Amino acid sequence: MEPSWLLGGAALLLLLLLPALLALSPAAHFQLRIGFYCALCVAASALAVPLCLLRHGGRTVRNMRIISNIVKTFKYIYGLRFEVKGLENFQIEGPCVIVSNHQSILDMMGLMEILPDNCVQIGKKELLYTGPVGLIMYLGGVIFINRKSTSNAKTVMSGVAQTMLDENVKVWVYPEGTRNGNGDLLPFKKGAFHLAVQAQVPIIPVVYSSFSSFYNPAKKLFISGKIRVEVLQPIETKGLKAEDVTDLTERCYCTMRETFFRLSGMTSEANGSMQGPQQ
């Protein structure tokens, strides 16, 4: 028998057995869905690159609309539903800083679902070198920063503030600084708040409900589910100074944490006492 026939037969047998294997192994089901998600991100990036170049010719925040339209289709593949409130709070003139909680690699779908026009993200510089994904982030206008820099948050964000004002864009930041799926919010780093105060622009908090009912790596859970999203009212920073950043960070953290528990159907008492912002 030809090797190609053997390979074809083996592949067909694997496809026939796959449902049974997945039913017996939640871990395999989880890994398959995560692997497919990562492959989907790479494929979508590779598709978006030529579209962005043909449409806009290079790096511009306008490419984020193309990227978001592609990523919005992911929710149908994974059976995710978004319930969104407060989109009208994005309707402000000029730049602002948008801050949201950061739970998992699935956050990109939530971000692209509600991404306002003229909005870019801040990303760590290492992401620039991740093949098609890094290239499409560059074309979309993502502002890359060196998180390993020894400079403090105020210094790192001063350059971002100038870019935001010069290019008249909104900037999306995850103030927790890392993914966090523990059912609570991590203490906020102050960089985003230094940025808003330096640029004297509003802060718009965005809160996503907990993913734990449908996505939990520890339990190898990844199924369909609903994500509740709330865009809160802008917080003004006009007149605030560097010495006000700690209080501003704390107020925003407490508001977002309370909203997170409400959207997730949890209570703060079940998750321990309030944690302050990181120094």
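If you're wondering where the values come from, they're calculated on a predicted model, not measured in any experiment.

Criteria and thresholds
Residues numbered from 1 in each chain as written. Predicted model: local features only at pLDDT ≥ 70, side-chain atom pairs only at ≥ 80, totals over all residues. Heavy atoms only, no water. Salt bridge = Lys/Arg side-chain N within 4 Å of Asp/Glu carboxyl O. Helix = DSSP H or I, 4+ residues; strand = E, 2+ residues; numbered from the N terminus. Buried < 20%, exposed > 50% of the residue type's maximum accessible area, 1.4 Å probe, protein only. Core = buried A, V, L, I, M, F, W, Y, C linked by side-chain atoms within 4.5 Å. Contact = heavy atoms within 4.5 Å. Disulfide = S-S within 2.5 Å. Pairing = 2+ DSSP bridges. Axes fitted to C-alpha atoms, helices over the stretch in contact; angles between N-to-C directions. Parallel < 35°, antiparallel > 145°, perpendicular 65-115°, else oblique. Left-handed = near helix turned anticlockwise from the far one by under 90°. Nonpolar A, V, L, I, M, F, W, Y, C, P; charged D, E, K, R; others polar. pLDDT = per-residue confidence, 0-100.

## Comments concerning the pattern of salt bridges
Charged atoms that come close allow side chains of opposite charge to pair.
And then number 1: Enumeration according to the criterion identifies 7 salt bridges in this entry.
And then number 2: One salt bridge in this structure joins D117 and R65, with 2.6 Å as the shortest N-O distance. Here D117, found in the loop between α5 (107-114) and β3 (119-124), pairs with R65, found in helix α3 (residues 63-71); they are 52 residues apart in sequence, far enough to count as distant.
And then number 3: You can call R65 partly exposed: its relative accessible area is 28%.
And then number 4: Its salt-bridge partner being R257, residue D184 comes within 2.7 Å of it at the nearest N-O pair.

## A short note on the nonpolar core
And then number 1: Formed by 76 residues in total, the largest nonpolar core has its most connected members in V97, I122, V171, W172, L195 and V206.
And then number 2: The biggest single contributor to this core is helix α2 (residues 26-56), with 9 residues.
And then number 3: Contact partners of V171, with chain neighbours within four places excluded, come to C96, V97, I98, V120, I122, I143, M164 and L195.

## Some remarks on helix α6 (residues 132-139)
And then number 1: Listed as buried for α6 are G134, I136, M137 and L139.
And then number 2: Packing partners of the buried residues in α6 comprise α2, α3 and β4 (143-145).
And then number 3: Just beyond α6, the residue with positive phi is G141, at close to 90°.

## Digging into the state of the cysteines
The bond known as a disulfide is covalent and runs between the sulfur atoms of two cysteines.
And then number 1: On inspection of all chains with the given rule, the structure shows 0 disulfides.
And then number 2: Free cysteine: C119, not disulfide-bonded; nearest cysteine sulfur from C96 at 6.9 Å.
And then number 3: A relative accessible area of 1% places C119 in the buried class.

## Comments concerning the pairing of strand β5 (residues 170-173)
The side chains of a regular strand alternate between the sheet's two faces.
And then number 1: Neither face of β5 is left uncovered, since the one carrying K170 and W172 and the one carrying V171 and V173 both have all their residues buried.
And then number 2: One ladder, built from 3 bridges, connects β3 with β5; its direction is parallel. Among the inter-strand pairings, V120 is bridged to a residue of β5, identified as V171.

## Brief notes about the packing of α2 against α6
And then number 1: Closest axis-to-axis distance for the α2/α6 pair is 8 Å, and the angle between their directions is 40°. Relative to α6, α2 is oriented oblique. Crossing of α2 against α6: the hand is left-handed. Across the interface between the two elements, C41, V42, S45, A46, A48, V49, C52 and L53 from α2 touch P132, V133, L135, I136 and L139 from α6.
And then number 2: Classifying every residue of the contact of α2 with α6 gives 12 nonpolar, 1 polar and no charged.

## Looking at the sheet that holds strand β6 (residues 203-208)
Within a sheet, neighbouring strands are paired by backbone hydrogen bonds and run either parallel or antiparallel to one another.
And then number 1: The strand order across the open sheet built from 7 strands is β1-β9-β6-β2-β5-β3-β4, with neighbouring strands paired in mixed fashion. On the outer flanks of this sheet lie β1 (80-85) and β4, each paired with one strand and no other. The mean angle between the axes of side-by-side strands here comes to 25°, regardless of whether they run parallel or antiparallel.
And then number 2: Pairing between strand β2 (residues 97-100) and β5: 3 bridges, direction parallel. In the sheet register, V97 faces β5, and the bridge partner there is V171.

## Notes on the confidence of the model for the chain
And then number 1: The pLDDT averaged across the chain works out to 87; a share of 84% of its residues lies at or above 70.
And then number 2: Overall, residues 273-277 carries pLDDT values under 50, and its contacts beyond four positions in sequence, including any with other chains, amount to 14 contacts.

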